[in-house]
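What follows is the residue order along each chain.
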Amino acid sequence: NSNRCKFYFRVGKAEIDLSYRENGKRIALFADSLNQVLRDTSNRILAVYIEGSASPEGSHLKNELLARQRAESIRNYLLQHTNLDPAITKAYSIGINWAELVQLLEASNHRNRQALISIINSNSHFVDNKQLIDQLKAIDKGASWRWMQDSLFNELRQGEALMKCLIKK
């Protein structure tokens, strides 16, 4: 059994803003579900994994750090508002969320989506993403990059908590 929840962050920020994109409502529901599972002594939460991610703006190292800070913010919030065991609560960074960007592009009607997806899929394994970002910015003189900034990058600035439970019956 598992339960997951996404939280969103403002550009360049790692603090949870409860008024932003219904974060307050989302995190309260997730914390309530954790507490509900914890109250039933026949349940055992195996782990709560929290991953942070970032959009492609900024340097690789900055995005890696920002994503980690976002995950830690969510972890700290959940530890303060639930009876979770810190030992089973893990926070980590996935850096730039290229996989989700590809999904968002696939779901879009953008005229250059296939070219953008192709560049990402062939280059996203590099540690330093500067070359990849430069290639994306080069498509139609930066218009596609600006469109992604305006339309898609907000979805990438996030953290996600995933609760895995073992429920004994």
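Residues numbered from 1 in each chain as written. Predicted model: local features only at pLDDT ≥ 70, side-chain atom pairs only at ≥ 80, totals over all residues. Heavy atoms only, no water.

(A) Molecular detail of the pattern of salt bridges. In total, this model carries six salt bridges according to the counting rule given. The partner of R111 in a salt bridge is D140, with the nearest N and O atoms 2.9 Å apart. Highlighted residues: R111 in the loop between helix 3 (98-107) and helix 4 (113-123) and D140 in the loop between helix 5 (130-138) and helix 6 (143-151), separated in sequence by 29 residues. Residues D134 and K130 are paired through a salt bridge, measuring 3.0 Å at the closest nitrogen-oxygen approach. Remark: K130 and D134 occur in helix 5; sequence separation between them is four residues, near one turn of the helix. In this structure K130 comes out as exposed when scored by relative accessible area, which is 52%. (Salt bridge = Lys/Arg side-chain N within 4 Å of Asp/Glu carboxyl O. Helix = DSSP H or I, 4+ residues; strand = E, 2+ residues; numbered from the N terminus. Buried < 20%, exposed > 50% of the residue type's maximum accessible area, 1.4 Å probe, protein only.)

(B) Main features of the packing of aromatic side chains. Overall, the coordinates contain two aromatic pairs when judged by the stated rule. The cationic tip of R21 hangs over the ring face of Y8; the distance from NZ or CZ to the ring centre is 3.8 Å. (Phe/Tyr/Trp six-rings, centres within 6.5 Å; stacked < 30°, edge-to-face > 60°. Lys NZ or Arg CZ within 6 Å of the ring centre and 35° of its normal.)

(C) Local environment of the nonpolar core. Core analysis: the largest hydrophobic core is formed by 19 residues, its most contacted members being I50 and L78. Elements that contribute at least two residues to this core include exactly strand 1 (2-8), helix 1 (23-39), strand 2 (43-54) and helix 2 (60-81). The element best represented in this core is helix 1, accounting for five residues. The next biggest cluster of nonpolar side chains, apart from the first, holds 18 residues, and it includes V102, L116, I139 and F153. (Core = buried A, V, L, I, M, F, W, Y, C linked by side-chain atoms within 4.5 Å.)

(D) Focus on helix 2. A rise of 1.5 Å per residue sets the reference length of helix 2, with its 22 residues, at 32 Å; its end C-alpha atoms lie 32 Å apart and thus fit the reference within 8%. Taken as a whole, helix 2 has its buried residues at N63, L66, A67, R70, A71, S73, I74, R75, Y77 and L78. (Expected span 1.5 Å × (residues − 1).)

(E) Focus on the packing of helix 4 against helix 5. Contact pair helix 4 / helix 5: the axes reach a minimum separation of 10 Å and the direction vectors enclose 170 degrees. It follows that helix 4 is roughly antiparallel to helix 5 by the angle criterion. Along the contact surface, helix 4 presents L116, I119, I120 and N123, while helix 5 presents L132, Q135 and L136. (Axes fitted to C-alpha atoms, helices over the stretch in contact; angles between N-to-C directions. Parallel < 35°, antiparallel > 145°, perpendicular 65-115°, else oblique. Contact = heavy atoms within 4.5 Å.)

(F) Representation of the packing of helix 3 against helix 4 in the model. Their axes nearest at 9 Å, the elements helix 3 and helix 4 cross at an angle of 160 degrees. It follows that helix 3 is roughly antiparallel to helix 4 by the angle criterion. Seen along the crossing, helix 3 lies across helix 4 with a hand that is left-handed. Contacts between helix 3 and helix 4 involve W98, L101, V102, L105 and E106 from the first element and R113, L116, I117, I120 and N121 from the second. Tallied by class, the residues present in the contact of helix 3 with helix 4 amount to seven nonpolar, one polar and two charged. (Left-handed = near helix turned anticlockwise from the far one by under 90°. Nonpolar A, V, L, I, M, F, W, Y, C, P; charged D, E, K, R; others polar.)

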